[in-house]
Amino acid sequence: GDQVEQSPSALSLHEGTGSALRCNFTTTMRAVQWFRKNSRGSLINLFYLASGTKENGRLKSAFDSKERYSTLHIRDAQLEDSGTYFCAAEDMGYKLTFGTGTSLLVDP
Amino acid sequence: ETAVFQTPNYHVTQVGNEVSFNCKQTLGHDTMYWYKQDSKKLLKIMFSYNNKQLIVNETVPRRFSPQSSDKAHLNLRIKSVEPEDSAVYLCASRKLGVDTQYFGPGTRLLVL
């Protein structure tokens, strides 16, 4: 079946720095969605991309269907950005397959 | 703002019992989903309903059955729970072919 490899599994950043999360797909996907799990365990939508890039505040995401990957860039990380981030790839049948998550810790 | 509602939040039961989880969305979406989040935090799709018709069934055990009265509701029934059914069950909805899936807060099931 479809597989989504998400990396890194854990990431530690100092406040004010940045980094990128990445998801690789084993097959061609029609879209990707990025989520963040909030303190109550709910999944919060960050981005939905069918192509190209999108930016929202300090977050930016890119999706390349042909190269089978997506990235989520975080810049100027803040303490409140700490949490678990998931990518989910949508195949041609609209089925969503999730990555295993990235646990981000931002420290002062 | 919450638009996908799930009840109950938590449920503890014994092996062999029947349980039912409710999901309702107020977004006017036409497709709803049930996911299971396992102990490794991996989300796997179980069912997908579009306009009250089952369009995806990811070979889950027969004791699981989705139940939909209308396109705003998709419940999940487990006929005779097993210990391996302990997990968080997430409901989601979307307008098919358009934009994102919206997730509910989940129902945590513990089978003793």
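Quick summary incoming for the structure in this document. Computed from a predicted structure; not experimentally measured. (Residues numbered from 1 in each chain as written. Chains lettered and ligands numbered in written order. Predicted model: local features only at pLDDT ≥ 70, side-chain atom pairs only at ≥ 80, totals over all residues. Heavy atoms only, no water.)

1. Regarding the interface of chain B and chain A
What counts is decided by this rule: In this analysis, two residues are considered to be in contact whenever any of their non-hydrogen atoms come within 4.5 Å of each other. By buried area we mean the combined loss of accessible area, with a 1.4 Å probe, across both parts when two parts are placed together. Criterion for a salt bridge: a side-chain nitrogen of Lys or Arg within 4 Å of a carboxyl oxygen of Asp or Glu. Any pair of nitrogen or oxygen atoms within 3.5 Å is treated as a polar contact; in protein, a donor-acceptor pairing is required on top of that, and neighbouring residues in sequence qualify only through side-chain atoms on both sides.
Residue-level contacts link 19 residues of chain B with 18 residues of chain A. Summed over both partners, the interface of chain B with chain A buries about 1500 Å², with 56% contributed by carbon and sulfur atoms. Among the ionic pairs, Arg94(B) bridges to Glu90(A), the shortest N-O distance being 2.3 Å. Counting the contacts that link chain B with chain A gives three residue pairs in polar contact (both at pLDDT 80 or more).

2. Re the sheet that holds strand E3 (residues 19-25) of chain A
Residue and element names in this part refer to chain A. Selection rule: Being paired, for any two strands, means DSSP has found at least two bridges between them. Comment: elements are numbered from the N terminus, with helices defined as DSSP H or I runs of at least four residues and strands as E runs of at least two. Between the N-to-C directions of two axes lies an angle of 0 to 180 degrees, each axis being a line fitted to C-alpha atoms and, for a helix, fitted only over the stretch in contact.
Pairing is antiparallel in the open sheet, where five strands are placed in the order E1-E3-E8-E7-E6. With partners counted over all chains shown, the strands left at the sheet margins are strand E1 (4-7) and strand E6 (52-56), one partner each. For this sheet, the mean inter-axis angle between neighbouring strands, taken without regard to orientation, is 15 degrees. As defined by bridge partners, E6 adjoins strand E7 (residues 59-64) across five bridges and the pair is classed as antiparallel. Residue pairing across strands places Gly52 opposite Phe63, the latter belonging to E7.

3. A word on the nonpolar core
So the rule is basically this: Put simply, a nonpolar core is a bunch of buried Ala, Val, Leu, Ile, Met, Phe, Trp, Tyr and Cys residues held in one set by side-chain atoms that sit within 4.5 Å of each other. Accessibility here uses a 1.4 Å probe with only protein chains present; expressed as a share of the type maximum, an area under 20% marks a residue as buried, one over 50% as exposed, and anything in between as partly exposed.
Formed by 21 residues in total, the largest nonpolar core has its most connected members in Leu21(A), Phe25(A), Val32(A), Trp34(A), Leu72(A), Ile74(A) and Leu104(A). Those elements giving two or more residues to this core turn out to be strand E2 (10-14), E3, strand E4 (31-37), strand E5 (43-49), E7, strand E8 (69-74), strand E9 (83-90) and strand E11 (102-107) of chain A. Each residue touching Ile74(A), except ones within four places of it in the same chain, is listed here: Thr17(A), Gly18(A), Ser19(A), Leu21(A), Arg58(A), Leu59(A), Asp81(A), Tyr85(A) and Leu104(A). In this structure, Met32(B), Met46(B), Phe64(B) and Leu74(B) belong to the second largest nonpolar core, which totals 20 residues.

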